[in-house]
Amino acid sequence: MAECVHCGQECGKNPVIFDNKPFCCNGCSMVYQILQEKKMNRYYTMMPTPGIRLDAENKAGTRYAFLDNDEVRSQFLEFSDGGISRVNLFIPGIHCSSCIWLLENLQTLHEGVIHSHVNFVRKEVNITFRDSEITLRQLVELLHSIHYIPELSHSTKKKDEHQKVNRSTLMKIGVAGFAFGNIMLLSFPDYLPGGEQIDRLMSGTFGIVSFILALPVVTYCSWDFFLSAFKSLRKKIINIDLPISIGILALFLESSYEIFSGIGTGYMDSLAGLLFFMLIGRWYQGRTYESLSFDRDYRSYFPIAVTRIQEGKEEFVPLAELKPGDSILVRNGELIPADSELLEGEGSIDYSFVTGEAFPVAKQPGDHVFAGGRQTGAALRLKVEKAVEQSYLTRLWNEDKVGDDEKRSMQSVVNRVSHYFTIIILVLATGALIYWSFDDFGKAVYVFASILIVACPCALALTIPFTFGNVMRVFGRNGFYIRNTSVIEAITHTNAVIFDKTGTITHSRSMKINWDGSPLSETEMQWIRSLARNSTHPLSVMIGEWLPESPLLIAESFKEIPGMGISGKIDGHIVMMGSRSFIAGSEVAADTRLSSVYVSVNNTLKGRFTLENRYREGLNEVVSGFEGYSLHLVSGDNDAERENLTNIIGSGENLHFNQSPTDKLAYVRQLKENGKHVIMIGDGLNDAGALLSADVGVTIADDVYHFSPACDAILQSSKFGRLHEYLRFARSAMKIVYSGYGISFLYNVIGLSFAVQGLLSPVVAAILMPLSSITVVGFAGLSVRIMARIKKLNA
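Caption draft 1: Quick look at the sheet that holds strand 5 (residues 113–119). Sheet architecture is open: four strands sit in the order 3-4-6-5, paired in antiparallel fashion. Either end of the sheet is taken by a strand with one partner, and the two such strands are strand 3 (77–81) and strand 5. Adjacent strand axes in the sheet meet at a mean angle of 15°, parallel and antiparallel pairs treated alike. Relative to strand 6 (residues 124–130), strand 4 (residues 84–90) runs antiparallel, the two being bridged by seven bridges. Its bridge partner being in strand 6, Ser-85 is matched across the sheet by Phe-129.

Written out as C-alpha cells, the structure reads:
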C-alpha cells in the first residue's frame with residue numbers, strides 16, 4: 001500500500017493523486033501544492049515524508065476568529081509598535097530539520113512575514129511580521145494551512161515567567177563562572193612552590209582584585225541561598241541552604257580578613273568555584289523538560305475566547321468577560337466553559353474530561369449542562385448560569401489544590417540529612433573555637449574557619465540535583481517525564497497503586513470489535529459504514545473506522561435518537577443501528593463486559609457488533625511488576641468489566657466503579673490515613689484531585705504536550721508497559737544518592753580529623769572542598785549511566 005508523500009501514512013485503497021504522487025488526504029495534497037507553487041521543494045528533500053497529517057475535522061474555518069479581538073491579540077504579542085509585531089508560538093508538531101527549514105522560510109509563503117526563528121528544543125517559533133500585510137489571525141491560519149498548528153491557551157502565556165527565571169539563573173552562572181576563572185588565574189601562584197616569594201605589593205593587588213570579583217558572587221549569585229536559609233530559619237526549619245550560606249559567609253569573611261590584613265590572598269577562588277558548581281547543578285535540575293507544563297489551572301483547557309450571541313449577532317469575547325445570562329454558541333468538539341442551560345439544539349455531551357464516563361450524555365433544550373463537557377454533535381446555543389470561576393469544574397479544581405500543599409510539606413532527604421549535618425558541624429566548629437581559644441585565639445579562628453570550609457556541604461548539596469537530574473534525563477529519553485527531583489524521592493516510599501480505567505489501563509478511543517451474526521456482503525458493509533459516518537457517537541465512529549474502506553454513500557432521512565440508535569435510507573434500503581430494543585423492540589440478557597450495537601437492513605435483524613475495551617499493551621507486566629504493592633482501581637465508568645479486571649488486578653474489594661471526582665479524591669485520602677503512600681495513575685481532569693492528593697500523581701498521555709491534569713509525572717502511553725521498571729530505577733537511584741553522601745562524608749571525616757587538630761590550613765581545606773564536589777558529580781553521572789544500561793534504558 002502506497003505511503004503519503006507528505007506525511008508518510010498509508011494512503012488506503014483510494015489515494016489522492018496529484019502530480020503522479022500519492023497522498024492520504026486532500027489536506028496533505030494541498031500543502032504539497034502550496035509548497036510547489038512557492039518553489040519550496042527542498043522541504044521534501046531534507047527529510048523523507050516530513051509533514052504532519054491534518055485531521056479531517058481539524059480545519060481552521062472560524063477557529064481563530066477570536067484573534068481579531070484586540071484584547072486577546074495583545075495577550076499573545078511580545079511586541080507591537082510602528083506597524084511591526086512579534087509573536088512566539090508553541091508548535092508541538094515541530095519534529096525534524098525539514099520543519100525548521102520550512103518555518104524559518106515563512107517569508108516565502110507570505111511577504112508580510114519579516115523574519116522567523118525556530119527553537120527546536122522548546123518547539124517554539126518566533127515570528128516578526130507587518131500588521132498592515134498580515135494579521136495575527138491570518139498568520140496562525142497560514143501555519144494551520146501547512147499543518148503546523150500552534151497551541152493557543154491560557155497556559156501558553158505562563159511560559160514567559162519560566163523563561164525569566166531561567167535567564168536569571170544563567171546570568172548568575174555566567175557571573176560566577178567569570179569570577180571563578182579570573183580569580184583562579186590571580187590565585188595560581190599560591191598553588192605553586194615558591195609562590196610566597198611573589199612581590200608583596202603585587203600579592204596585595206591580586207587579593208583586592210579577587211575581593212572585587214567575589215563581591216557580585218556573594219551579593220548576587222548567592223542571594224537565593226541566603227534567602228532560602230533566612231525563610232527556613234523563620235519557620236524554625238534547618239535546610240541544606242543554611243550550612244551552604246554559613247560556608248559562603250565564612251569563606252568570604254575569612255578571605256576578606258586575610259586580604260585586608262595583608263596575611264594572604266584568601267580563598268575567593270574556592271568561593272567562586274563553589275557557587276559556580278552549585279548553580280550549574282540547580283540549573284541542570286530545572287532545565288530538564290522545561291517545555292512541559294506540569295502546573296495548569298482550569299483555564300488551560302478552555303478556549304481563549306468564546307462566541308457570544310448579542311442582539312442576534314455573533315462576537316468573540318475573552319473568557320473573562322463571560323457573565324451569567326449571556327447567550328453563547330458552542331460548536332462541535334468545543335468545550336463548554338461555564339455551567340449553562342441548553343436553549344437550542346440537541347446536546348450529545350462527552351463528560352469523559354470531567355467524570356471519566358466514556359460515552360456521551362443526551363441533552364434536550366431546558367436541560368442543565370456542566371462546564372467541562374464537550375459537544376459531539378451539531379452546534380448548541382446555551383445560556384450561562386454561573387461565571388466561569390464559580391462553575392462545577394472550577395470548584396473541583398480548586399478543591400484539588402489542597403492536596404498539592406500537603407505534598408509540598410514533605411521533607412526531602414537532603415533537608416533531613418543537612419539538618420543533622422549542620423548541627424554537628426556548628427557544634428564541632430564552636431567546640432574547637434572554644435578549646436583553641438584558651439591557647440591561641442588567632443589559631444582558634446583559623447581552626448574554626450578551616451572546619452567550616454572543609455565541612456562545607458557543597459558535595460552534599462550537589463548529590464541530589466546531579467543524581468536526580470541525570471535520572472530525570474534518562475526517564476525523559478524513555479518517555480517518562482518527572483516534575484522535579486522530590487518526585488523521585490516520593491516514588492521510593494510508595495506502597496500502594498491506584499489505577500483509573502478509561503484512558504489509563506484501556507485505550508480511550510479504541511476498542512476490540514467483532515461481528516456476531518450472518519455474514520455481511522461488501523455492499524451491506526458499505527451501507528453500514530455510510531450510515532455510521534453520519535453520527536458522532538464514539539461507538540458509531542469506531543465501527544465506521546473498523547469496517548473496510550469504501551466510498552461513502554448519502555444517507556437519506558437520517559435520524560439519531562440519543563441513547564437508542566441511528567437510521568437512514570441508503571440506495572433505497574432502510575439501515576438501522578443501535579440497541580436491541582431500538583432494532584428489535586426487545587432486550588435480552590447480554591454479556592456485561594461487552595457493548596453491543598445491533599444492525600438491521602430492511603427491518604431484518606442481521607446481527608450485532610460487539611465492542612470490548614482494549615487494555616493497554618503491557619498491563620499484565622505492569623501489574624505483576626508492582627509486587628509488594630496494594631493494587632486498587634477507581635473508575636467513573638460502570639462495572640461491566642469487573643470480572644475481567646478482578647482477574648488482572650486482583651481483589652474485587654479494591655475495585656470501585658461509578659466513582660465521581662470527589663469519590664476518587666476521598667479514596668486516596670482514606671488510603672493515606674491508613675498509612676499508605678499512594679501512586680495515582682490517571683488521564684483526565686476527573687482524576688486531578690486524586691492525582692494532586694496522592695504522594696505521586698502520574699498522567700498517561702498520548703501526546704506529552706497535550707495531557708490533561710496537573711501531575712507529578714507524565715508517562716508516554718506507548719511506554720505504559722515499562723512503568724514498573726521506571727519506579728524500580730528510581731529506587732536504585734536513591735542508592736546512588738546515599739553512596740554520594742558516603743563519599744561526601746568520607747571527605748568531611750578525613751578533613752575534619754585534621755582540621756580540629758589545627759593541622760589543616762584553609763588553603764588545603766579549600767582544595768578538598770571542590771575536589772569532593774567534582775568527585776560526587778562525576779560519580780553520580782557515571783553511576784546513573786551504568787545503571788541505565790544495566791536496566792536496558794536509553795541513557
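Read on, since the account is not over.
Caption draft 2: Representation of the pairing of strand 15 (residues 380–384). Burial of the side chains of strand 15 is restricted to one face: Leu-380, Leu-382 and Val-384 are buried, whereas none of Arg-381 and Lys-383 on the reverse face is. Here strand 9 (residues 327–330) runs beside strand 15; their pairing, made up of four bridges, is antiparallel. Each bridged residue has a counterpart across the sheet, and for Leu-329 the counterpart in strand 15 is Arg-381. Looking at chain direction, strand 10 (residues 340–344) and strand 15 are connected through four bridges and run antiparallel. Counted as the bridge partner of Leu-342 is Leu-382 from strand 15.

Caption draft 3: Just the pattern of salt bridges, in detail. Within the structure shown, the criterion is met by 16 salt bridges. Two residues, Lys-172 and Asp-224, come together in a salt bridge whose shortest N-O distance is 2.8 Å. You can see Lys-172 sitting in helix 7 (residues 159–187) and its partner Asp-224 sitting in helix 9 (residues 223–234), a full 52 residues away along the chain. Taking relative accessible area as the criterion, Lys-172 reaches 7% and is therefore assigned buried. Look at Asp-224 and you get partly exposed, because its relative accessible area is 38%. Taking the shortest distance from any N to any O, the salt bridge between Arg-722 and Glu-725 comes out at 2.8 Å. Overall, the relative accessible area of 27% leaves Glu-725 in the partly exposed class. A network of salt bridges, in which partner residues are shared, links Asp-68, Arg-137 and Glu-141.

Caption draft 4: Main features of a nonpolar patch on the surface. A surface patch of nonpolar side chains, about 410 Å² in accessible area, is lined by Leu-746, Ile-750, Phe-754 and Leu-759. Within the element layout of this structure, Leu-759 appears in the loop between helix 25 (723–755) and helix 26 (762–790).

Caption draft 5: Local environment of the pairing of strand 10. In the sheet, strand 10 pairs with strand 13 (residues 368–369) via two bridges, with the strands oriented antiparallel. Bridging from a neighbouring strand, Ser-340 pairs with Val-369 of strand 13.

Caption draft 6: Representation of the environment of Ser-256. With respect to the element layout, Ser-256 can be found in helix 10 (residues 241–261). Sequence separation between Ser-256 and Phe-211 is 45 residues, and the spatial gap between their C-alpha atoms is 6.9 Å. Those residues in contact with Ser-256 that lie beyond four places of it in its chain are Phe-211 and Met-268.

Caption draft 7: Quick peek at the side chain of His-144. Tracing the sequence through the fold places His-144 in helix 6 (residues 136–145). Among the residues examined, His-144 registers a relative accessible area of 3% and is labelled buried. Separated by 2.9 Å, the side chains of His-144 and Tyr-64 make a polar contact.

The rules behind each value
Residues numbered from 1 in each chain as written. Predicted model: local features only at pLDDT ≥ 70, side-chain atom pairs only at ≥ 80, totals over all residues. Heavy atoms only, no water. Pairing = 2+ DSSP bridges. Helix = DSSP H or I, 4+ residues; strand = E, 2+ residues; numbered from the N terminus. Axes fitted to C-alpha atoms, helices over the stretch in contact; angles between N-to-C directions. Buried < 20%, exposed > 50% of the residue type's maximum accessible area, 1.4 Å probe, protein only. Salt bridge = Lys/Arg side-chain N within 4 Å of Asp/Glu carboxyl O. Patch = residues over 30% accessible without salt bridge, like charges linked within 9 Å, V, L, I, M, F, W, Y side chains within 5 Å. Areas by Shrake-Rupley, 256 points an atom, 1.4 Å probe, with all protein chains shown as cover. Contact = heavy atoms within 4.5 Å. Polar contact = N/O pair within 3.5 Å; in protein donor to acceptor, adjacent residues only side chain to side chain.

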